[in-house]
Amino acid sequence: EIVFVSSDRSDAEFQQYYKKMPFKAMPFSQRELAQRAKSLFGVRGIPSLVIIDSLSGRIVVSPDESRREVHQACQYGEKAIERLFHSWLDKVPEESKSMLDILALSCTEADETAKTGGGNTKAETYLKRTIEKEATVSSPLSKDDIAARVKELFPQLVAQGLAPNEAAAEAIKQATLQQSDSKLDSGHMGGESKIVTHYDPATTDTSVATTSDNICRMNSDDKDKVVAVLSTAQKYVANVQKDPTNPRFRNFRLSNKVFDKITSNAGSMELLKSLNFSVFHSDIDFVASIPLSVDLELLGKVLGKVLATYQHR
């Protein structure tokens, strides 16, 4: 999102200049707020460009940096400008990238469910009791609709006092829950889920580390592939932790483009087994599932530990 902050001396000058712009602008009447924004973000002169992370509010690229980098990129054409844009995206804080990845996981799963009309009906029936709406049932939200709903909810939650990361997680949760056509109420599995199987942390740790090493060996010692596999699995587990009793977050089609980051690599099925994922065939696709019995906290810690090992190699 681009927002124009004017330095014009009159409203007429502002309107004349802004009418050529396709993006949003801070109203000229809010000159005091505009001045505070310029001071806050280090704007000293025009033109200035500040890149801000919308989740954390942090400055990603300062005015001085952007002025220098844009000037250099413009000398080498459109490709250089495109590379500059991607370099700015790489500077976004890691926690914000993580939240956006979780949003992508949620939207992709919801979008594929909407397209196929599928899902694990047995699991959803068992975990939740469905109550039909009296009103006319609307069509499931698309991936773009969910993203738009998250964008709408996020500032509202921040205004209520939630930290940016917490607000983003809650917005994703609320938006994906609205994907359902039916009102969901507590069913047979309502209430808190309890761990019924206890895993030895040392054994689980060793098993995940061993299968990760096998993936590395089977993929020409490409450590980046192992990092991609482990980080993707970690994000799926983190997503389940936010809503442990929601079956939509526990079941993933193996053909899913995001989950394919795991399954497209040789040795990955053994990793899923070491993580205590179940893999089975449904009427639509092969499905991976995180059982209710899995200790999510332990799984997250083990994945984080093994991932850190590969990131620092």
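Preceding this section is the structure that the text describes.
Residues numbered from 1 in each chain as written. Predicted model: local features only at pLDDT ≥ 70, side-chain atom pairs only at ≥ 80, totals over all residues. Heavy atoms only, no water.

Peer 1: Run through the packing of aromatic side chains, naming residues and quoting values.
Peer 2: Across all of its chains, the model carries 9 aromatic pairs by this definition. With a centroid separation of 5.5 Å and an interplanar angle of 10 degrees, the aromatic rings of phenylalanine 14 and tyrosine 18 are classed as stacked. One end of the pair, phenylalanine 14, and the other, tyrosine 18, are both in helix 1 (residues 11-18), 4 residues apart, so they sit about a helical turn from each other. Plain terms: the ring middles of phenylalanine 252 and phenylalanine 259 are 5.5 Å apart, the flat faces sit at 20 degrees to each other, and that makes the pair stacked. Exposure class is identical for phenylalanine 252 and phenylalanine 259. Each is buried. Taken together, the ring pairs in this structure connect Phe4, Phe14, Tyr17, Tyr18 and Phe28 into an aromatic cluster. (Phe/Tyr/Trp six-rings, centres within 6.5 Å; stacked < 30°, edge-to-face > 60°. Helix = DSSP H or I, 4+ residues; strand = E, 2+ residues; numbered from the N terminus. Buried < 20%, exposed > 50% of the residue type's maximum accessible area, 1.4 Å probe, protein only.)

Peer 1: Describe in detail the environment of valine 306, supporting the description with residues and values.
Peer 2: Relative to the assigned elements, valine 306 resides in helix 14 (residues 296-311). Take valine 306: its relative accessible area is 5%, and that puts it in the buried class. Expressed as a C-alpha distance, the spacing of valine 306 and aspartate 205, which sit 101 residues apart in the sequence, is 7.8 Å. Sequence-distant contacts of valine 306, defined by excluding residues within four places in its chain, comprise Asp205, Val208, Ala209, Ser212 and Leu230. (Contact = heavy atoms within 4.5 Å.)

Peer 1: Let's hear about the packing of helix 10 (residues 223-242) against helix 14: which residues, and what values?
Peer 2: The N-to-C vectors of helix 10 and helix 14 enclose an angle of 160 degrees; their axes lie 9 Å apart at closest approach. The angle between the axes of helix 10 and helix 14 places the two elements in the roughly antiparallel class. Along this stretch, helix 10 crosses helix 14, giving a crossing that reads as left-handed. On helix 14, the residues touching Lys223, Val226, Val227, Leu230, Ser231, Ala233, Gln234, Val237, Val240 and Gln241 of helix 10 are Leu296, Glu297, Leu299, Gly300, Leu303, Gly304, Val306, Leu307, Tyr310 and Gln311. Of the residues belonging to the contact of helix 10 with helix 14, the class tally is 12 nonpolar, 6 polar and 2 charged. (Axes fitted to C-alpha atoms, helices over the stretch in contact; angles between N-to-C directions. Parallel < 35°, antiparallel > 145°, perpendicular 65-115°, else oblique. Left-handed = near helix turned anticlockwise from the far one by under 90°. Nonpolar A, V, L, I, M, F, W, Y, C, P; charged D, E, K, R; others polar.)

Peer 1: Go over the packing of helix 3 (residues 63-74) against helix 4 (residues 78-90), please, and point to the residues and values.
Peer 2: For any two helices packed against each other, one specifies the inter-axial angle together with the distance between the axes. At a minimum axis distance of 8 Å, the contact between helix 3 and helix 4 shows a crossing angle of 150 degrees. Put simply, helix 3 runs roughly antiparallel to helix 4. Between helix 3 and helix 4 lies a crossing of right-handed hand. Contacts between helix 3 and helix 4 involve Ser66, Glu69, Val70, Ala73 and Cys74 from the former and Ala80, Ile81, Leu84 and Trp88 from the latter. Of the residues belonging to the contact of helix 3 with helix 4, the class tally is 7 nonpolar, 1 polar and 1 charged.

Peer 1: Residue-level account of the pairing of strand 8 (residues 278-281), with values.
Peer 2: Both strand 8 and strand 9 (residues 286-289) contribute to a ladder of 4 bridges, which runs antiparallel. If you follow phenylalanine 280 over to strand 9, its bridge partner there is valine 287. The antiparallel pairing of strand 8 with strand 9 creates a hairpin that spans 4 residues between the two strands. (Pairing = 2+ DSSP bridges.)

Peer 1: Account for the pairing of strand 9, with residues named and values stated.
Peer 2: In terms of strand pairing, strand 7 (residues 251-253) meets strand 9 through 3 bridges, oriented antiparallel. What sits directly across from asparagine 251, in strand 9, is serine 289.

Peer 1: Describe the side chain of threonine 211, naming the residues involved and giving the relevant values.
Peer 2: Checked against the element boundaries, threonine 211 lands in helix 9 (residues 201-218). Look at threonine 211 and you get buried, because its relative accessible area is 9%. Setting aside residues no more than four positions away along its own chain, threonine 211 makes contact with Glu270, Leu271 and Ser274.

Peer 1: I'd like to hear about helix 10, residue by residue, with values.
Peer 2: Over its 20 residues, helix 10 extends 29 Å from the first C-alpha to the last, a length consistent with the 28 Å expected when each residue adds 1.5 Å. Burial in helix 10 covers these residues: Val226, Val227, Val229, Leu230, Ser231, Thr232, Ala233, Tyr236, Val237, Asn239 and Val240. Looking at where helix 10 begins, the residue whose side-chain oxygen comes 3.1 Å from the main-chain nitrogen of aspartate 224 is aspartate 222. (Expected span 1.5 Å × (residues − 1). Polar contact = N/O pair within 3.5 Å; in protein donor to acceptor, adjacent residues only side chain to side chain.)

Peer 1: Describe helix 4, naming the residues involved and giving the relevant values.
Peer 2: In this model helix 4 runs 19 Å from its N-terminal to its C-terminal C-alpha over 13 residues, within 8% of the 18 Å that 1.5 Å per residue would give. Here the buried face of helix 4 lies against strand 3 (51-52), strand 4 (59-61) and helix 3.

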